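Residue-level listing of the chains:
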There are 2 protein chains.
Amino acid sequence: MNSQTQPERQAVTRDLDEFSVTDAVVARMANARSARTKRVLAALIRHLHEFAREVELTEAEWEYGIDFLTRAGHMSTPERQEVILLSDTLGFSTLVTQMNHRSHNGESEQTVLGPFHRAGNIRYEHGANISEGIDGPPCFVNVTVRAPDGAPIRDATVDVWHSDHEGYYDVAHEEWDGDMRMRGIFTPDATGAVRFRTIVPASYPVPQDGPVGELLRATARHPMRPAHVHFKIDAPGFDPLVTHLFVNGDPYLDSDAVFGVRNALIVDFARHAPGDAPDGSVCETEFFTLDYDFVLRHASPV
Amino acid sequence: MNSQTQPERQAVTRDLDEFSVTDAVVARMANARSARTKRVLAALIRHLHEFAREVELTEAEWEYGIDFLTRAGHMSTPERQEVILLSDTLGFSTLVTQMNHRSHNGESEQTVLGPFHRAGNIRYEHGANISEGIDGPPCFVNVTVRAPDGAPIRDATVDVWHSDHEGYYDVAHEEWDGDMRMRGIFTPDATGAVRFRTIVPASYPVPQDGPVGELLRATARHPMRPAHVHFKIDAPGFDPLVTHLFVNGDPYLDSDAVFGVRNALIVDFARHAPGDAPDGSVCETEFFTLDYDFVLRHASPV
């Protein structure tokens with residue numbers, strides 16, 4: 001448009017109604033610090049406003065929404081992030097994850113981070129048992145971290161976390177003492193491999209004692225997630241990989257409460273009779289093995 | 001549609017991408033407790049998802065948004081509601097308010113509640129000074145509460161709150177002791193009138209020490225609201241009236257940070273030389289008077 005022939009548009013600033021208010025808010029951001037900020041906020045405002053108009057949102061519903069978001073914030077701690085759980089259960093996290101990791105040239109698929117990742121995980125040596133003292137069927141994990149050409153990535157940081165065999169994360173145990181349990185950080189060996197011992201995780205309900213629980217009950221949705229182990233793998237020169245491995249056969253693979261299941265991430269946790277375990281020990285109970293090869297994507301040149 | 005000829009639609013549940021996830025989430029709410037809940041949530045989910053797709057929201061932007069909402073919740077207390085302030089500064093509150101109070105047959109106009117309303121306000125007798133001990137030009141208020149036919153409404157509850165002459169609410173004073181200041185509840189007299197003494201409020205910045213302040217700075221928006229006095233009037237048989245009276249001549253009437261200004265609510269705060277005040281006392285300084293007639297709307301038959 002030619003700014004010389006375009007008449008200045010005088011934004012209405014008083015007596016705004018449910019239609020004119022949208023342009024008024026967007027116009028107020030004309031001098032936003034960055035074009036990206038302006039674009040994202042303008043789109044957010046237009047969609048939020050259109051949502052309210054479309055359903056003719058009542059004042060009681062607005063009040064409920066304000067209170068809902070306030071409680072979600074209040075409930076969030078470094079160990080339990082209710083706002084992430086909200087994003088997860090609305091499918092918003094899966095949308096953002098998949099949109100940002102579209103092309104797959106053999107690289108491992110991503111899925112949601114979830115609300116239970118904790119900073120400051122403990123670093124372990126290969127062969128460590130990260131579930132020491134927690135009951136459950138032993139599981140010997142052997143994963144590798146590789147570049148698309150198959151080369152091992154030795155300087156990767158592999159952050160692992162998962163629930164116990166009852167479906168509880170460490171932080172959800174009633175007698176939790178603040179320790180890290182069923183969590184660990186590893187560095188691959190020369191072959192790209194990471195090996196550790198833990199227990200088989202179980203499917204579990206996402207926390208229902210907060211606003212997200214209210215949302216699930218109001219919409220008659222079950223809160224279950226299929227059993228899985230989380231991995232977050234960072235390595236210089238590669239995009240971070242945030243993903244899970246799901247337990248094949250889990251009854252909730254087709255109705256994950258956070259919409260995160262991907263076929264390529266469903267893995268057989270192979271069952272073995274008591275006897276020689278992969279770590280050289282003898283296991284007196286039956287045990288499981290989990291093997292998977294992660295392939296990282298090269299980081300885009302900046 | 002004839003359900004006999006309509007083939008069952010099998011919802012996709014795995015390998016969801018940024019498009020298919022939307023229908024999957026909406027489908028999951030098929031058995032929602034009420035049709036209204038289902039409709040409101042489906043619209044919210046569709047608009048939120050479309051927003052993210054439209055701007056191709058990055059994972060870093062998602063993380064920022066999660067953190068922003070979490071901090072807004074953490075910051076909210078009964079005295080300071082950051083999530084309401086967010087709704088206000090995005091024009092969302094004005095949209096909802098105006099959409100829910102569309103027709104005006106002489107009834108007073110509504111505007112936003114704002115983040116500073118406090119429950120448990122103190123009840124005063126007519127003529128009370130609700131700003132006792134706070135400096136500022138005296139203001140003698142005389143408002144009436146009437147039905148559309150002009151009849152006084154004697155059983156109304158008139159809840160008033162406003163800032164001081166520096167622009168601070170009681171709760172924002174550094175040495176605030178928890179008391180209610182520049183706030184009061186009144187019952188109209190036989191003529192529908194409510195009379196009290198206070199001070200003239202000033203224009204002021206909305207709080208900028210939280211996420212909303214970040215939003216205003218990022219979009220180069222000033223944080224000012226034109227000076228005003230809040231009123232919330234409830235009476236049996238009438239719709240609640242939530243409104244302000246704005247000080248005529250205020251420099252921010254055309255750029256209210258929360259988009260709440262309505263011409264019908266801009267009022268002359270009339271200036272008077274020292275001398276006889278409306279309450280029968282003698283005022284040794286110049287003083288102001290504020291007069292306004294509120295007209296409530298009959299409640300809709302249930």
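Since the structure is predicted, the reported quantities are computational estimates derived from the model, not experimental observations.

1. Notes on the environment of A:R225
Residue and element names in this part refer to chain A.
Part 1 of the reasoning: Here R225 shows up in strand β6 (residues 224–225).
Part 2 of the reasoning: Given a relative accessible area of 3%, R225 falls into the buried group.
Part 3 of the reasoning: Once residues within four sequence positions are removed from consideration, R225 is found in contact with S203, Y204, V206, H230, H244, F246, Y252, D256, V258 and G260.
Part 4 of the reasoning: Within polar-contact distance, the side chain of R225 engages the side chain of H244 at 3.0 Å.

2. As for the pairing of strand β13 (residues 287–295) of chain A
Residue and element names in this part refer to chain A.
Part 1 of the reasoning: Within β13, seven of the nine residues are buried, leaving the element largely enclosed by the surrounding structure.
Part 2 of the reasoning: As judged from the eight bridges shared by strand β1 (residues 138–146) and β13, these two strands associate in the parallel manner. In the sheet register, V143 faces β13, and the bridge partner there is Y292.
Part 3 of the reasoning: The sheet contact formed by strand β10 (residues 270–272) and β13 spans three bridges and is antiparallel. Bridging across to β13, H272 finds its partner in F287.

3. Considering the domain arrangement of chain A
All names here are of chain A.
Part 1 of the reasoning: Here chain A is partitioned into domain 1 (20–75) and domain 2 (82–295).
Part 2 of the reasoning: Between the C-alpha centres of domain 1 and domain 2 there is a distance of 35 Å.
Part 3 of the reasoning: At the interface, seven residues of domain 1 touch nine residues of domain 2.
Part 4 of the reasoning: In total, about 650 Å² of surface goes out of reach between domain 1 and domain 2, with carbon and sulfur atoms giving 72% of it.
Part 5 of the reasoning: Remark: the boundary between domain 1 and domain 2 carries one salt bridge.

4. As for the packing of helix α3 (residues 59–75) of chain A against helix α6 (residues 211–218) of chain A
When two helices pack together, you describe them by how their axes are tilted relative to each other and by the distance separating the axes.
Residues and elements named next belong to chain A.
Part 1 of the reasoning: At a closest axis distance of 9 Å, the pairing of α3 and α6 adopts a crossing angle of 130 degrees. In terms of axis orientation, α3 runs oblique to α6. Across the interface between the two elements, Y64, F68, R71, A72 and M75 from α3 touch P211, V212, E214 and L215 from α6.
Part 2 of the reasoning: Residues of the contact of α3 with α6, tallied by class, amount to seven nonpolar, no polar and two charged.

Quick notes on the rules
- Residues numbered from 1 in each chain as written.
- Chains lettered and ligands numbered in written order.
- Predicted model: local features only at pLDDT ≥ 70, side-chain atom pairs only at ≥ 80, totals over all residues.
- Heavy atoms only, no water.
- Helix = DSSP H or I, 4+ residues; strand = E, 2+ residues; numbered from the N terminus.
- Buried < 20%, exposed > 50% of the residue type's maximum accessible area, 1.4 Å probe, protein only.
- Contact = heavy atoms within 4.5 Å.
- Polar contact = N/O pair within 3.5 Å; in protein donor to acceptor, adjacent residues only side chain to side chain.
- Pairing = 2+ DSSP bridges.
- Domains from an automatic or database assignment.
- Buried area = accessible area lost by both parts, 1.4 Å probe.
- Salt bridge = Lys/Arg side-chain N within 4 Å of Asp/Glu carboxyl O.
- Axes fitted to C-alpha atoms, helices over the stretch in contact; angles between N-to-C directions.
- Parallel < 35°, antiparallel > 145°, perpendicular 65-115°, else oblique.
- Nonpolar A, V, L, I, M, F, W, Y, C, P; charged D, E, K, R; others polar.

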